Amino acid sequence: HYYFVCSYNTNVGKNFNINPTILVKSDLVSTQFDINLLMTYKKRIWAGFTYRKDDAIAFMGGVDIKGKYRIGYSYDYTTSALANYSKGSHEIVMALMLK
């Protein structure tokens, strides 16, 4: 499997960061790509979305607590033929940030 990631982080005003990302995944037989956009407010509150070609869209959000903990939620809505079997999935993230 091969993965290619391209990301750019930029400040928008004093309190906002925007981070667009492209992820390309391939096994040289099939290729899939994701386009992501993540916006962060005051380096604490974040929200964003992902588009996965011919498969799904996802919405996410969360909060960083004291720069040490991260709690987030994501909903992945299926748009492919699998939508007949799954209307989407939920994900809860709890992380300890190591520096």
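Scroll up to find the structure.
Criteria and cut-off values
Residues numbered from 1 in each chain as written. Predicted model: local features only at pLDDT ≥ 70, side-chain atom pairs only at ≥ 80, totals over all residues. Heavy atoms only, no water. Buried < 20%, exposed > 50% of the residue type's maximum accessible area, 1.4 Å probe, protein only. Helix = DSSP H or I, 4+ residues; strand = E, 2+ residues; numbered from the N terminus. Pairing = 2+ DSSP bridges. Patch = residues over 30% accessible without salt bridge, like charges linked within 9 Å, V, L, I, M, F, W, Y side chains within 5 Å. Areas by Shrake-Rupley, 256 points an atom, 1.4 Å probe, with all protein chains shown as cover. Salt bridge = Lys/Arg side-chain N within 4 Å of Asp/Glu carboxyl O.

Draft legend 1. The pairing of strand 1 (residues 2-7), seen in detail. By the criterion of burial, strand 1 is predominantly exposed, with just zero of the six residues buried. Two strands pair when backbone bridges link them, and strand 1 and strand 3 (residues 16-26) are joined in this way by six bridges, in the antiparallel orientation. Within strand 3, the position partnered with Val 5 by the bridge is Leu 23.

Draft legend 2. Representation of a nonpolar patch on the surface. Taken together, the side chains of Ile 65, Tyr 69, Ile 71, Tyr 73, Ile 92, Met 94, Leu 96 and Leu 98 present a nonpolar region at the surface, about 880 Å² in accessible area. Of all the elements in the fold, those that place two or more residues in the nonpolar patch are strand 7 (69-78) and strand 8 (89-96). Within the fold, Leu 98 resides in the segment after strand 8. Among the residues examined, Leu 98 registers a relative accessible area of 75% and is labelled exposed.

Draft legend 3. Seen up close, unusual backbone geometry. Phi at Leu 28 is positive, roughly 70°, even though this residue is not glycine. Its relative accessible area of 69% is what places Leu 28 among the exposed residues. A positive phi angle, close to 60°, is found at Asp 54, a residue other than glycine. Here Asp 54 is to be found in the loop between strand 5 (45-52) and strand 6 (56-65). Exposure remark for Asp 54: the relative accessible area of 57% places this residue in the exposed category.

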